[in-house]
Amino acid sequence: MVLKAFFPTCCASADSGLLVGRWVPEQSSAVVLAVVHFPFIPIQVKELLAQVQQASRVGVAVLGTWCHRRQESEESLGHFLEGLGAIFSHEPWLQLCRERGSKFWSCKATHRQVPASLGAPGQDQVMLIFYDQRKVLLSQLHPPAALPDHQAGDATASAGGLAAVFDTVARSEVLFRSDQFDEGPVRLSHWQSEGVEASILVELAKQASGPICLLLACLLSLISAASTSRVFKLWPLSFIWSKLSTCEQLRHRLGQLTLIFSTQKAENPAQLMRKANMLVSVFLDVALGLALLSWLHGKDRIGQLADALVPVADHVAEELQHLLQWLMGAPAGLKMNRALDQVLGRFFLYHIHLWISYIHLMSPFIERILWHLGLSACLGLTVALSILSDIIALLTFHIYCFYVYGARLYCMKICGLSSLWRLFRGKKWNVLRQRVDSCSYDLDQLFIGTLLFTILVFLLPTTALYYLVFTLALNTICVQLRLLVVTVQGLIHLLVDLVNSLPLYSLGLRLCRPYRLAAGVKFRVLEHEAGRPLRLLMQINPLPYSRVVHTYRLPSCGCHPKHSWGSLCRKLFFGELIYPWRQRGDKQD
């Protein structure tokens, strides 16, 4: 049988001693975690391993001996190490030796407890695999599956192949807290034996994070309680609170901040990574918002925007009036129904007049409103973009009204035509069973249906023209109608979702320290000679960027509807309304 021994590269130059680690019987593997050096007292070594096993819930034991022959006088040390198997009994017993002045290694695995019929103790072949203990400890193997382990003293262990190695090293962190400068009874060699990695700034931040998180959690709980009060559940406020993008974004940010500053400790690495991604996302959002705020308040740009807003609105209204006058005539040589054409044109012209009056009424207060709205950028770029999306929706509300009127008329005509077409074929729509059934009609019903069908067919071009104009955004001189407004708002929502959901911390970790996010491992052959054990070097394969985004993507705000191109074209063809917000019964494609 071939045994796999995972040996840390940091212990390759360590002095002779005992191999401490965990035996994984399912994979016939031995994961070496540290080397215990001489002098030591066996009972103290056993007490140390018992403490580590109780703290980490990993079955740590003495797996064998490690002999590093540096001088001639140390050759007799091998005989002494072989006798330690009687004190620290383990099956199998590993014997790793690095020969003096050579790159060759010798590896043996012996079984002392064998059946009497086999005679002498058995010996297995050993495959020696080197691994970087620090990288394996700090990395997280994906996907992080976990299954119960049958080894005594273990709680759970990652299942399948090399996942047990990552799981063992990660849970044995308590063993690496001592270094060679400690005055303990047992000296160990591991990746931190030269000195424990620490930072004064990090330790001070950890000490200060507790009271700060507690204070911020109390403030956020008060804000959350105030936002859920009965005042905001009244009809006008509840409708505005549920439809405006700004309110949804503030609610989304409040939930993220509550999770970030929660006093509960992260239960697993995935939850810790999620908190880190949220924290970096909030910091970047606020930084971009402050940059936007400084740009807006510099060189009186808010005043310039306010001065340009009214002329632009007048220009849009003027172009809309020209467009409606063109539709009320003979657009592109088409002969429209004049009575319906005049009614629809005057109806839309009256709405444009109301909108112009509203803009001129608000013009003295526009600069002050923009100045106060610009201050909202300190809450983050996403909040400012959400406010911009709501402002665009309010300023183009007349266009949305035109779209709704045209869509409703067009939809009524399409439904009427489809019903009358089923009447000609002797069919009808069964509302209860939601299907088309056969039906017999008398002569009067067919005559009335023919008249209505003819009327609707002749009126359809006029209605369809207004619907298409206010839906598919005919761009004359900078006139932007419904579909262009939806496109602009969609781009804003896309940018907001990108800032909200992009796992920036995970992407930065993948860029700077790719071994932290492991997709698997690869092996490089170090030695493969006859009569010598096979020596391999285990290297970590980083997780691809696409899988990093897919795995650690944060939930987005979800305050706006998301339609596929198929559903969008279907709604446009049948005249169904495309709401600027997400409806409760919408199916997300």
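Residues numbered from 1 in each chain as written. Predicted model: local features only at pLDDT ≥ 70, side-chain atom pairs only at ≥ 80, totals over all residues. Heavy atoms only, no water.

When the UniProt feature table is mapped onto this chain, "transmembrane region" (unreviewed entry) is found at residues 278-296, 343-361, 373-396, 445-469 and 481-507. The distance separating the terminal C-alpha atoms of residues 278-296 is 27 Å; by composition the span is 100% helix and 0% strand. Helix makes up 100% of residues 343-361 and strand 0%. Its end C-alpha atoms lie 27 Å apart. (UniProt positions renumbered as here; feature names shortened; annotations may be inferred. Helix = DSSP H or I, 4+ residues; strand = E, 2+ residues; numbered from the N terminus.)

Another aspect to go through is unusual backbone geometry. A positive phi angle is found at S28, which is not glycine, with a value near 50°. You can see S28 is positioned in the loop between β2 (17-24) and β3 (29-37). Of the residues examined, S28 reaches a relative accessible area of 16% and is grouped as buried. (Buried < 20%, exposed > 50% of the residue type's maximum accessible area, 1.4 Å probe, protein only.)

We now examine the environment of S178. Within the element layout of this structure, S178 appears in the loop between α4 (163-171) and β9 (188-189). Not counting the four nearest positions on each side in its chain, S178 is found in contact with L188, H190 and Q192. (Contact = heavy atoms within 4.5 Å.)

Below, the discussion takes up the nonpolar core. Ranked by internal contacts, the top residues of the largest apolar core, which has 39 residues, are V31, L33, V36, V45, Y131 and V169. A total of 5 residues in this core trace back to one element, the largest contributor, which is α4. Excluding residues within four positions of it along the chain, V36 makes contact with S16, G17, L18, V20, V45, V186, R187 and L188. Grouped together as the second largest cluster of nonpolar side chains are 22 residues, L19, V35, C107 and A109 included. (Core = buried A, V, L, I, M, F, W, Y, C linked by side-chain atoms within 4.5 Å.)

A few words on the packing of aromatic side chains. A complete count under the given rule lists 3 aromatic pairs for this structure. The interplanar angle of 90° and the centroid separation of 6.1 Å between the aromatic rings of F7 and F130 together place this pair among those described as edge-to-face. With F7 in strand β1 (residues 2-8) and F130 in strand β7 (residues 122-131), the pair connects residues that are 123 residues apart, well separated along the chain. The same class applies to F7 as to F130, namely buried. By way of ring pairs, the aromatic residues F7, W66 and F130 are connected into one cluster. Directly above the ring of Y545 sits R510, whose terminal nitrogen or CZ lies 4.5 Å from the centroid. (Phe/Tyr/Trp six-rings, centres within 6.5 Å; stacked < 30°, edge-to-face > 60°. Lys NZ or Arg CZ within 6 Å of the ring centre and 35° of its normal.)

Before going further, it helps to examine the pattern of salt bridges. Taken as a whole and judged by the stated rule, the model has 5 salt bridges. E248 is the partner of R251 in a salt bridge, and the nearest nitrogen-oxygen pair spans 2.9 Å. Here E248 and R251 lie together in helix α7 (residues 245-260), a separation of 3 residues that amounts to about one turn. Between E527 and R535 there is a salt bridge whose closest N-O contact spans 2.6 Å. Here E527 matches R535 in class, with each residue buried. (Salt bridge = Lys/Arg side-chain N within 4 Å of Asp/Glu carboxyl O.)

Our focus in this paragraph is the state of the cysteines. Considering all chains together, one arrives at 0 disulfides under this definition. Take C411: it sits in no disulfide, and the sulfur closest to it among the cysteines is that of C415, at 4.0 Å. (Disulfide = S-S within 2.5 Å.)

Where α7 contacts helix α8 (residues 269-296), the axes come no closer than 10 Å and their chain directions differ by 130°. Considering their axes alone, α7 and α8 lie oblique with respect to each other. The two elements α7 and α8 cross, and the hand of that crossing is left-handed. Contacts between α7 and α8 involve R253, Q256, L257, L259 and I260 from the first element and R274, K275, M278, L279, S281, V282 and D285 from the second. The residue inventory of the contact of α7 with α8, partitioned by class, reads 6 nonpolar, 2 polar and 4 charged. (Axes fitted to C-alpha atoms, helices over the stretch in contact; angles between N-to-C directions. Parallel < 35°, antiparallel > 145°, perpendicular 65-115°, else oblique. Left-handed = near helix turned anticlockwise from the far one by under 90°. Nonpolar A, V, L, I, M, F, W, Y, C, P; charged D, E, K, R; others polar.)

The end-to-end C-alpha distance of helix α9 (residues 301-327), which contains 27 residues, comes to 38 Å, matching closely the 39 Å that a straight helix rising 1.5 Å per residue would cover. Within α9, the full set of buried residues consists of I302, G303, A306, V310, A313, V316, A317, E319, L320, L323, L324 and L327. (Expected span 1.5 Å × (residues − 1).)

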